[in-house]
Amino acid sequence: MEFGVTVEDEAFRAEVRGWLAECVSGGLDRRDWERTLGAAGWIGLGWGEDGYGNRLGGLSRQVVWAEEYARSRAPARTGHIGENLLAPTLIAHGSEEQKSRFLPAIASGDELWCQGYSEPGAGSDLAGIRTEAVRDGDAGVYRVTGQKIWTSLAHEADWCFVLARTEAGSRRHRGLSFLLVPMDQPGRIEVRPIRQMTGTSEFNEVFFDGAHARVEHVVGGEGNGWQVAMSLLGFERGVSTLAQQIGFAQELGRVVEAAVSTGAADDPVVRDRLVRQWAELRVMRWNALRTLGSSADQAQVQGAPSVAKLLWGRWHQRLGELAMRVRGAGAAVGPADWSASAPYELDELQHLFLFSRADTIYGGSDEVQRTIIAERVLGLPREPKG
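Note that the structure is predicted; figures quoted are calculated from it, not measured.

Asker: Any chance you could explain helix H5 (residues 96–107) here in plain terms?
Answerer: Given 3.6 residues per turn, any residue in an α-helix points the same way as the ones three and four places further on. Here H5 contains 12 residues, and its C-alpha end-to-end distance of 16 Å stays within 8% of the 16 Å for a straight helix at 1.5 Å per residue. Of the positions making up H5, those classed as buried are Gln98, Lys99, Phe102, Leu103, Ala105, Ile106 and Ala107. Among the structural elements, helix H2 (30–39), helix H4 (80–93), strand S1 (113–116), strand S4 (159–165), strand S5 (176–182) and strand S8 (218–219) are those in contact with the buried residues of H5. Positioned one or two residues after H5, Gly109 has a phi angle of 80°, which is positive.

Asker: So what exactly am I meant to see when it comes to the nonpolar core here?
Answerer: Side chains of a nonpolar character, in soluble globular proteins, are inclined to be buried together. In this structure, Trp113, Phe161, Phe178 and Leu180 are the most contacted members of the largest nonpolar core, which totals 42 residues. Broken down by secondary-structure element, the contributors of at least two residues to this core are helix H1 (7–23), H2, helix H3 (59–71), H4, H5, S4, S5 and helix H6 (225–235). The element contributing the most residues to this core is H4, with six residues. Leu180 has contacts with Leu86, Leu90, Phe102, Trp113, Trp159, Cys160, Phe161, Ala213, His217 and Val219, leaving out every residue within four places of it along the chain. One finds Val255, Ala265, Leu322 and Met324 within the second-largest nonpolar core, a separate group that totals 21 residues.

Asker: Got a minute to help me understand the state of the cysteines in this structure?
Answerer: Two cysteines joined by a covalent bond between their sulfur atoms form a disulfide. Taken as a whole and assessed by the stated rule, the structure comprises zero disulfides. In this structure Cys114 is a free cysteine whose sulfur lies 3.6 Å from that of Cys160, the closest cysteine sulfur available. According to the relative accessible area criterion, Cys160 is buried, its value standing at 1%.

Asker: Can you walk me through the packing of aromatic side chains in this structure?
Answerer: Given two aromatic rings, their pairing is described by the distance between the two centres and the angle made by the two planes. Under the criterion given, the structure shown has 16 aromatic pairs. Ring geometry for Trp42 and Trp65: centres 4.7 Å apart, planes at 10°, overall stacked. Remark: Trp65 occurs in helix H3 and Trp42 occurs in the loop between H2 and H3; sequence separation between them is 23 residues. By the burial criterion, Trp42 is buried, and Trp65 matches it. Considering the side-chain rings of Trp150 and Phe203, the 6.1 Å spacing of their centres and the 90° angle between planes classify their relative orientation as edge-to-face. With Trp150 in the loop between strand S3 (141–148) and S4 and Phe203 in the loop between strand S6 (189–193) and strand S7 (204–214), this residue pair connects regions lying 53 residues apart in the sequence. Among the residues examined, Trp150 registers a relative accessible area of 49% and is labelled partly exposed. Among the residues examined, Phe203 registers a relative accessible area of 15% and is labelled buried. An aromatic cluster is present here, built from Phe12, Trp19, Trp33, Trp42, Trp65 and Tyr69 joined pairwise through their rings. The lysine or arginine in question, Arg55, covers the ring of Trp42, its NZ or CZ lying 3.6 Å from the ring centre. One residue, Lys309, lies across the ring of Trp312, its end atom 5.1 Å from the ring centre.

Conventions and cut-offs
Residues numbered from 1 in each chain as written. Predicted model: local features only at pLDDT ≥ 70, side-chain atom pairs only at ≥ 80, totals over all residues. Heavy atoms only, no water. Helix = DSSP H or I, 4+ residues; strand = E, 2+ residues; numbered from the N terminus. Expected span 1.5 Å × (residues − 1). Buried < 20%, exposed > 50% of the residue type's maximum accessible area, 1.4 Å probe, protein only. Contact = heavy atoms within 4.5 Å. Core = buried A, V, L, I, M, F, W, Y, C linked by side-chain atoms within 4.5 Å. Disulfide = S-S within 2.5 Å. Phe/Tyr/Trp six-rings, centres within 6.5 Å; stacked < 30°, edge-to-face > 60°. Lys NZ or Arg CZ within 6 Å of the ring centre and 35° of its normal.

What follows is the structure in structure tokens.
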């Protein structure tokens, strides 16, 4: 199954490819790169609404853009949380004032966002969050107190959308609100990077100590945070999964090259595993395209993101394990000598192996995804909650 594109879409592909070829090698830092994308109108292609400085593109053009972006080896995006998660949520649930305030700044690449969902005691079980937001009517703000964890790019973000408990004494899904919180609040917000075993720090702990969120920046109304949060999660695994798969294909290509160079490809078991990885990646692509164009019933639509997460999480882990196998003993040796300033460095395949260990946990653990499928698609009895 191949996604149908028109002659006009192919012309669009040529435009995208030419622009990326000209601009990707510009040596910009990641924030300036977001502004470059914004100035050309590439941010917000799939919003379904234009007029915010973005281009308007249908599903096929979103697929083309995602594929060409991944193939170009363009810089990793820092604005994708605002563009692909918050913006569609604002379009679906936000007020006109909220859309007018925040969408242009996202489309221009001027404001970066992070997601304040997971907490130390509420990671996979999002309904167990304890962060509180108490309304101060005189000041026109909520005062947010609590801790979030595994907050991607919080150290670079200008804003955070925070799921917090605005009804005292409420439990589980009730009494939650979806707040837009500015990150530049010294003394009220502290960001602590979490050093991972890869040596990098994309994730952070975020501590809120009476941080201010303006009353008019509550999306969907007070107490409706769970519905808004679930709507946002539905946008999390859309067209971007196709770009992710192209990145996976590039990683698989590097593993194949390593297998050939080390002689591991002569092992029939290794060859079988390489072919299986290739075949399973094709299946993931077909499944993603089927889902994007699906007119299936609501239960299947609800389960599709969970099925996709289960597929790619374990696939990516197996690829990391295979990368180490084809390298042999050399996989234990870094690309540079040890020094006090850089205790260890990793090459691409070593980084792939270590980072992929978290694939079955972050973004919703495999156990949670299976529970969602069981309850929402298969109609099995709900899991007991404490």
